[in-house]
Amino acid sequence: TPRLRFADSAKISKNELLQTPHSEVRWFRYIHIGNGHLSSDTLERNREEDEQEYVRMRLPNRREGEIFALAEQLMGGSRIQVVCEDGKTRMGRIRGRIKKRKWIRPGDLLIVRPWDFQDDKADVLYRYTYTESSNLSRRGKLPDSVNVF
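Quick caveat: nothing in here was measured; it's all calculated off a predicted structure. (Residues numbered from 1 in each chain as written. Predicted model: local features only at pLDDT ≥ 70, side-chain atom pairs only at ≥ 80, totals over all residues. Heavy atoms only, no water.)

## Regarding helix α5 (residues 130-139)
Piece 1. All of the buried residues along α5 are Glu132, Ser133, Ser134, Asn135, Leu136 and Ser137.
Piece 2. Directly beyond the C-terminal end of α5, a positive phi value near 80° is found at Gly140. (Buried < 20%, exposed > 50% of the residue type's maximum accessible area, 1.4 Å probe, protein only. Helix = DSSP H or I, 4+ residues; strand = E, 2+ residues; numbered from the N terminus.)

Laid out in C-alpha cells, this is it:
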C-alpha cells in the first residue's frame, strides 16, 4: 500500500490518513513524489519496489484568497514587505503564532492572505523551508512570478 510522508517525517498509511478527521486534513494537499529511499529499519517494505510516497504540504487555499509571496524586506515590528504572485508589493503582518515559532528571512517563500479592506496589506499565514520551496518548484506548483527556487 502507498505510504504518506509528512513534513515532520512521521509516516502513516493512506487508510489511516483517510480515517483522520476532516478538520485536521483540510489545510493540506498531497503531492506524489514517486519512489523514495526508505530507511534501514523498514526492511520488509524495502522489498516492495513500487512503493509510492507522498509529501504533506500546505498549499494556498484559493477560495479564501490565499496566495504565494516572497519575503522582500524586514521592516521591524512584526512587519515584512512581500512581493505577491499577482505582482503587487504588500506590507505583510506576521501573526503571533508564526512570529514565535518560525523566523522569516528575506527570500523566503510565504503564503499570505491580502486584506479585504486594504489591498496593500496582507497577513502572513505560513513560511516554507528551502527544501519545501524547491520541491514545490520542481513539481511546477509555483507561479512564474515567485519561482526563484
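Right, picking up where we left off after that structure.
## Points about the packing of aromatic side chains
Piece 1. Counted under the stated rule, the structure contains three aromatic pairs.
Piece 2. With a centroid separation of 5.1 Å and an interplanar angle of 80°, the aromatic rings of Tyr126 and Tyr128 are classed as edge-to-face.
Piece 3. Taking relative accessible area as the criterion, Tyr128 reaches 1% and is therefore assigned buried.
Piece 4. Through a chain of ring-to-ring contacts, three or more aromatic side chains come together here, namely Phe68, Tyr126 and Tyr128. (Phe/Tyr/Trp six-rings, centres within 6.5 Å; stacked < 30°, edge-to-face > 60°.)

## Describing the environment of Ile67
Piece 1. Among the structural elements, Ile67 can be located in strand β5 (residues 67-74).
Piece 2. Each C-alpha atom of the pair Ile67 and Cys84 lies 7.1 Å from the other, and the pair is 17 residues apart in sequence.
Piece 3. Setting aside chain neighbours within four positions, we find Ile67 in contact with Pro60, Arg62, Cys84, Glu85, Asp86, Arg90, Leu110, Ile111, Val112 and Pro114. (Contact = heavy atoms within 4.5 Å.)

## What about the pattern of salt bridges?
Piece 1. What the rule picks out here adds up to nine salt bridges.
Piece 2. When the shortest N-O distance is used, the salt bridge between Glu85 and Arg62 registers 2.8 Å. Placement of Glu85 in the loop between β6 (79-84) and β7 (89-94) and of Arg62 in the loop between β4 (53-58) and β5 is noted, with a sequence separation of 23 residues between them.
Piece 3. For Glu85, a relative accessible area of 21% gives the class partly exposed.
Piece 4. We note a salt bridge from Arg90 to Asp119, for which the minimum N-O separation is 3.2 Å. Here Asp119 lies in the loop between β8 (109-114) and β9 (121-127) and Arg90 lies in strand β7, a separation of 29 residues in the sequence.
Piece 5. Owing to a relative accessible area of 3%, Arg90 belongs among the buried residues under this scheme.
Piece 6. Salt bridges linked by common partners bring Arg58, Glu64, Glu66 and Arg113 together as one network. (Salt bridge = Lys/Arg side-chain N within 4 Å of Asp/Glu carboxyl O.)

## Quick word on the nonpolar core
Piece 1. In this structure, Ile80, Ile104, Leu110, Val112 and Val124 are the most contacted members of the largest nonpolar core, which totals 13 residues.
Piece 2. Where this core is concerned, the elements lending two or more residues are β5, β6, β8 and β9.
Piece 3. Contact partners of Ile80, with chain neighbours within four places excluded, come to Ala71, Gln73, Leu74, Met75, Arg90, Met91, Gly92, Ile94, Ile104 and Val124.
Piece 4. Counting residues in hydrophobic clusters, the runner-up holds 12 residues, among them Leu59, Leu70, Ile111 and Leu142. (Core = buried A, V, L, I, M, F, W, Y, C linked by side-chain atoms within 4.5 Å.)

## Structural notes on the side chain of Asp108
Piece 1. Within the element layout of this structure, Asp108 appears in the loop between α4 (96-101) and β8.
Piece 2. Exposure remark for Asp108: the relative accessible area of 11% places this residue in the buried category.
Piece 3. In terms of polar contacts, Asp108 uses its side chain to reach the backbone amide nitrogen of Arg105, at 2.9 Å.
Piece 4. Those residues within four positions of Asp108 in sequence are excluded, and the remaining contacts are Ala69, Leu70, Ala71, Trp103 and Arg127. (Polar contact = N/O pair within 3.5 Å; in protein donor to acceptor, adjacent residues only side chain to side chain.)

Don't take any of this as a statement about function, it's just geometry.
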